[in-house]
Amino acid sequence: VVVAGRKEGSEAERRRRGGEQVESRMEVVEAPFVRVPFEALKRAAKERKYIIEEVEGVMGKLKKHASSAEARRAKEGEATTKDGGEAMDVDGSPAAAATASAEGSRGSGGEWESELDDLLGTLGGLKRKLGASTQSEGVQIGRCKARVEHLLSLGAYGSERALGWNKKRVKRLVVDYLLRQGYHRTALQAVEGDAALGPLVETEVFRGCQEIVDSLRSRSVGPALKFCRANASRLKRIKSKLEFKLRLREFLTLVQAGSMGEAVRYAQKHLGRWASVHQKELQAAMASLVYRPYLDSGGEGEGGRKGAAQERYGHLFAAAQWEELEKIFKRDFFALNCLAADAELALDLEAGLSALKTPMSSSAQRSKEDPLSVEALGKLAATLPFAKHSKSKLVCWHTREVMAEPRVLPNGMVYSAAACELLAKEGKIQCPRTGDVFELGELKKLFPV
């Protein structure tokens, strides 16, 4: 009985430890899944705070005007009451004094009514903004609740609910991939077919992203610049170059169209403030004003100027520059919305294919049961590493040395213990790649297999 009890206890302990490891991995893998609506909720709450501050400012003005109006009425009452309540003017005429007082009251009353209408209009606008902000908060709270409940529904490790939970997770990852690739209609059809899937995916976030991506593909930077203005402080915090790249692209578009004068005025207005940070890029862009006429043809002529201009400045006007601009926008957009840079479905698929890939997978003698014998999977796994290596090393991103005792941060980034000691400051650690700050107690040991 004692031996059986010990066996049962050790089995329960192993399951408990396995469950803890699964929960730890889940914290890392599903961090963006929970963080996206939570960050959106924080932004909505901050916006509501600013609206309330504006409302308090308007109410303060109303109180100030009300007190000044009371003081004015009291003063007028004192002026119109004299020895028995009759108002007298300089000539001693009560009627003239009453007329003057009435005219002054009408003038001040007209100004007061006009200002009161303005303040009431401002309050009406703030009320609408506050209602929209409150509604947004309610939506984000619902999404946070749905996602936490979805994660908790998995239950203990090895439970029977894991299969159904994983099926729902696969659906979510597929919809996320479709949204990232711009297939919104197909993704929405999948969401409409499963009502519980709606709060678990970022349909609205990716719709806003795709609108700006479409504008960039149509060679328009207006919506992207509007996005930069709306998120100026947050983009500055992550040291984004998006606005500079957009301004530079708009300048080069003017140069390409031959509008040199307009391009110069645009540069003076919008590009001057970037001179100290992006000097080399600006110098090359300014030189295109001179060499643009030689870029229409790459042939030699006029002392070889055409060929030299094409070699040095031709890439500034290439279509690939717009593609690069789209990549920069997506990267910064995902960072601001706490989304992973790559689709989780692609990462999971690559990890699985790499685990299955062996040197025999690409040989003619491979087994038909090998999943990589399927042509589509073989193409996806072509650039992936093999599952087994005779010699492998893990190199720390921060120290550039072989990683000893790796530690994983809550955002999924992995560093060596030595790097964590270097990065630690006052009981906290800041991730050098994302800028996120965490408590040292949040770090977890990583055991590479």
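Just so you know, the residues in each chain are numbered from 1, in the order the chain's sequence is written. Note on the predicted model: pLDDT of at least 70 is required for a residue's local features to be given, and 80 or more for side-chain atom pairs to be given and counted; whole-chain, interface and lining totals, by contrast, use all residues. Only hydrogens and water are set aside; all other atoms, that is, all heavy atoms of the structure, feed into the side-chain values.

Asker: In this structure, what is going on with the overall build of the protein? I would like to understand it.
Answerer: A run of DSSP states H or I qualifies as a helix once it reaches four residues; a run of E qualifies as a strand once it reaches two. Both are numbered from the N-terminal end. Within the protein, the secondary structure is distributed over 16 helices and 6 strands. The buried share of the protein, reckoned over its 449 residues, is 31%. When the accessible surface of the protein is summed, it comes to about 29,000 Å², and 54% of that surface belongs to carbon and sulfur atoms. Exposure is judged per residue with a 1.4 Å probe applied to protein chains only, and the accessible area is read against the type maximum: over 50% gives exposed, under 20% gives buried, and values in between give partly exposed. Throughout, the Shrake-Rupley method with a 1.4 Å probe supplies accessible areas, and for residues the shown protein chains are the sole cover considered.

Asker: I would appreciate a short explanation of the nonpolar core in the present structure.
Answerer: Inside soluble globular proteins, nonpolar side chains tend to come together where they are buried. By nonpolar core is meant a set of buried Ala, Val, Leu, Ile, Met, Phe, Trp, Tyr and Cys residues that side-chain atoms within 4.5 Å join together. L216, F227, L246 and F329 are the most contacted members of the largest nonpolar core, which totals 31 residues. Elements with a contribution of two residues or more to this core: α4 (161-181), α5 (184-192), α6 (203-217), α7 (222-230), α9 (242-256) and α13 (320-336). In terms of residue count, α13 provides more of this core than any other element does, 7 residues in total. Not counting chain neighbours up to four residues away, the residues in contact with L216 comprise V221, A224, L246, W322, L325, E326 and F329. Counting residues in hydrophobic clusters, the runner-up holds 17 residues, among them A263, L271, L282 and A287. Contacts: residue pairs with any heavy atoms within 4.5 Å of one another.

Asker: Please clarify how the sheet that holds strand β4 (residues 428-430) should be interpreted in this entry.
Answerer: The strands that make up a sheet are held in pairs by hydrogen bonds between backbone atoms, and each pair lies either parallel or antiparallel. Strand order in the open sheet formed by 3 strands is β3-β4-β5, with antiparallel pairing between adjacent strands. Across the chains shown, the open sheet's two edge strands, defined by having one partner strand only, are β3 (424-425) and β5 (437-439). A strand pair is defined by DSSP finding two or more bridges across the two strands. As paired elements, β3 and β4 share 2 bridges and run antiparallel to each other. When the bridges of β4 are listed, A424 appears paired with I429.

Asker: In this structure, what is going on with a negative patch on the surface? I would like to understand it.
Answerer: A surface patch of negative charge is lined by E113, E115, D117 and D118. On the secondary structure map, E115 appears in helix α3 (residues 94-152). Patch membership requires more than 30% relative accessible area and the absence of a salt bridge. Residues of like charge join within 9 Å; the nonpolar side chains Val, Leu, Ile, Met, Phe, Trp and Tyr join within 5 Å. Basic side-chain nitrogens of Lys or Arg form a salt bridge, by our definition, when they fall within 4 Å of a carboxyl oxygen of Asp or Glu. Within this scheme the basic residues Lys and Arg register as positive and the acidic residues Asp and Glu register as negative, but His and the chain ends are omitted. A charged residue contributes its charge at one atom only: NZ of Lys, CZ of Arg, CG of Asp or CD of Glu.

Asker: Hey, could you run me through the environment of P359 in this one?
Answerer: Along the chain, the position of P359 falls in the loop between α14 (344-356) and α15 (375-380). Accessibility expressed as a relative area gives 56% for P359, which makes it exposed. Each C-alpha atom of the pair P359 and A387 lies 9.0 Å from the other, and the pair is 28 residues apart in sequence.

Asker: Explanation requested: the pattern of salt bridges in the structure shown.
Answerer: Think of it this way: side chains of opposite charge can pair up when their charged atoms draw near. Scanning the model with the defined rule gives 18 salt bridges in all. For E281, the salt bridge goes to K245, with nearest N and O atoms at 2.6 Å. Of this pair, E281 sits in helix α11 (residues 279-291) while K245 sits in helix α9, and the two are 36 residues apart along the sequence. Among the residues examined, E281 registers a relative accessible area of 25% and is labelled partly exposed.

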